[in-house]
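Coordinate inspection notes
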Amino acid sequence: RPWAQYGLPLEERTLPQMLKEAGYTTAITGKWHLGHFQPAYLPTHRGFDHKYGHYNGALDYFTHERDGGHDWHRDDKVNRDEGYSTHLIAREAVRLINEKPADKPLFLYVPFNAVHAPHQVPEKYKEPYAALAEPRRTYAGMVAAEDEAVGQIVATIEAKGLRDNTLFIWSSDNGGPSPGRVTSNGPLRAGKGTLYEGGTRVCAFASWNGHIKPGSVVNTPMHIVDWYPTLAGLAGAKLDQKLPLDGRDAWPAIVDGKASIHDAILINTTANAGAIRMGDWKLVLNGSYVESED
């Protein structure tokens, strides 16, 4: 929750901690959203060498405020950069790539606050979508702005001659909100905030020249937590840690089309709702229960 007095438990080992131990420079540009009420919970204390962006979700894209508080930081100190947050996040990512030490690999995590509410975007991004009704028109402009930002990051990597040695991973974090009015989840049921497929099954891709076949499709069920052990394997990092792993190494499924790496996938569990998938079956409890907006 905004300005919450709690965060990701400190005994959890994070992905940047793991990769930093393996010799990576680590940086986050964008939304942290895992706690900031004490210094020990800040990104620069959880494995990131560098932090730029915001702590809370759903901040204003232009003023960088959330619930009356300024929420924009550089290396966990208040920052007053002005501009549209998607542009600022991309600009910082580009800077980090350009200044990357030649002798160290870089883990760059870029969690845009786009396209989360509030729906805000400079007017020029809405112009191509005049045929759409609001708020879908603004939402489409936000997607276009994020797409442009991702393109800037990729172009910088290519200009540095790093394309063939870079694994790109992109993923949404939930299905589209208010399907039919703001977004579309196609044939999938419902949307963000629910445990049905429209809320939990998302688009994602990975690209790595010479390692992942272009145009290949992975149909086997996977979960976002699978990236943790997958990246550990690729980076030569150790998985020795206090707490057990939830994810599975998904690389064979991604590059060789191997069968599902899971016998079951826990979609979500809270005091009020939960869902689990096993093969073609899915058990849903209170699937339409919607958590309040973050």
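Residues numbered from 1 in each chain as written. Predicted model: local features only at pLDDT ≥ 70, side-chain atom pairs only at ≥ 80, totals over all residues. Heavy atoms only, no water.

1. Some words on the overall build of the protein
Helix and strand counts for the protein come out as 6 helices and 12 strands. Computed over its C-alpha atoms, the radius of gyration of the protein comes to 19 Å, within 12% of the 19 Å expected for a compact globule of 294 residues. When the backbone C-alpha atoms are referred to their principal axes, the protein occupies close to 50 × 45 × 40 Å. Counting over 294 residues, the protein shows a buried share of 40%. Considering only contacts in the protein between residues 6 or more positions apart, those separated by 24 or more positions represent 58%. Carbon and sulfur atoms provide 53% of the accessible area of the protein, an area that totals close to 15,900 Å². If you average the places of the 31 positive and of the 35 negative side-chain charges in the protein, the two averages end up 1 Å apart. (Helix = DSSP H or I, 4+ residues; strand = E, 2+ residues; numbered from the N terminus. Rg over C-alpha atoms; globule rule 2.2 N^0.38 Å. Buried < 20%, exposed > 50% of the residue type's maximum accessible area, 1.4 Å probe, protein only. Contact = heavy atoms within 4.5 Å. Areas by Shrake-Rupley, 256 points an atom, 1.4 Å probe, with all protein chains shown as cover. Lys, Arg positive; Asp, Glu negative; His and termini not counted. Charge placed at Lys NZ, Arg CZ, Asp CG, Glu CD.)

2. Looking at the sheet that holds strand β10 (residues 265–269)
In spatial order, the strands read β10-β11-β12; together these 3 strands make up an open sheet with antiparallel pairing. In the strand order of this sheet, the two ends are held by β10 and β12 (281–285), each with one partner. Mean inter-strand twist for the sheet, computed between neighbouring axes without regard to direction, equals 5 degrees. Two strands pair when backbone bridges link them, and β10 and strand β11 (residues 274–278) are joined in this way by 4 bridges, in the antiparallel orientation. Across the sheet, I265 pairs through a bridge with R277, a residue of β11. (Pairing = 2+ DSSP bridges. Axes fitted to C-alpha atoms, helices over the stretch in contact; angles between N-to-C directions.)

3. Quick word on the packing of helix α2 (residues 85–98) against helix α3 (residues 136–159)
Helix packing geometry: the angle between the two helix axes and the distance between the axes. For the pair α2 and α3, interaxial distance at closest approach is 9 Å and the crossing angle is 5 degrees. As summarised for this structure, α2 and α3 are arranged roughly parallel, according to the angle between their axes. Only A145, E146, E148, A149, Q152, I153, T156 and I157 of α3 make contact with α2, whose side of the interface consists of T86, H87, A90, A93, V94, I97 and N98. Here the residues of the contact of α2 with α3 are counted per class, giving 8 nonpolar, 5 polar and 2 charged. (Parallel < 35°, antiparallel > 145°, perpendicular 65-115°, else oblique. Nonpolar A, V, L, I, M, F, W, Y, C, P; charged D, E, K, R; others polar.)

4. With respect to the pattern of salt bridges
By the definition in use, this model includes 13 salt bridges. Between E99 and R95 there is a salt bridge; the shortest N-O distance is 2.6 Å. Taking relative accessible area as the criterion, E99 reaches 53% and is therefore assigned exposed. A relative accessible area of 28% means that R95 is categorised as partly exposed. We note a salt bridge from K126 to E123, for which the minimum N-O separation is 3.5 Å. What makes K126 buried here is its relative accessible area of 11%. (Salt bridge = Lys/Arg side-chain N within 4 Å of Asp/Glu carboxyl O.)

5. Some thoughts on the environment of D49
On the secondary structure map, D49 appears in the loop between β1 (25–31) and β2 (50–54). Expressed as a C-alpha distance, the spacing of D49 and D75, which sit 26 residues apart in the sequence, is 8.1 Å. Among all residues touching D49, those that are not within four sequence positions of it are K20, Y24, T25, T26, T44 and D75. A distance of 2.9 Å separates the side chain of D49 from the side chain of K20, its partner in a polar contact. (Polar contact = N/O pair within 3.5 Å; in protein donor to acceptor, adjacent residues only side chain to side chain.)

6. What about the environment of T220?
Mapping T220 onto the fold places it in the loop between β9 (204–207) and α5 (227–235). Apart from the residues lying within four places of it in its own chain, the contact partners of T220 are A253, K258, A259, S260 and I261.

7. Structural notes on the nonpolar core
In terms of nonpolar packing, the biggest core is built from 23 residues, with W72, Y84, F112, V121, M142 and I153 touching the most fellow members. Where this core is concerned, the elements lending two or more residues are α2 and α3. A per-element tally of this core places α3 first, with 6 residues. Setting aside residues up to four positions removed in sequence, F112 forms contacts with T86, I89, A90, E146, A149, V150 and I153. Core analysis: the second largest hydrophobic core is formed by 20 residues, L15, Y24, W208 and A232 among them. (Core = buried A, V, L, I, M, F, W, Y, C linked by side-chain atoms within 4.5 Å.)

That's the geometry; what it means functionally is another story.
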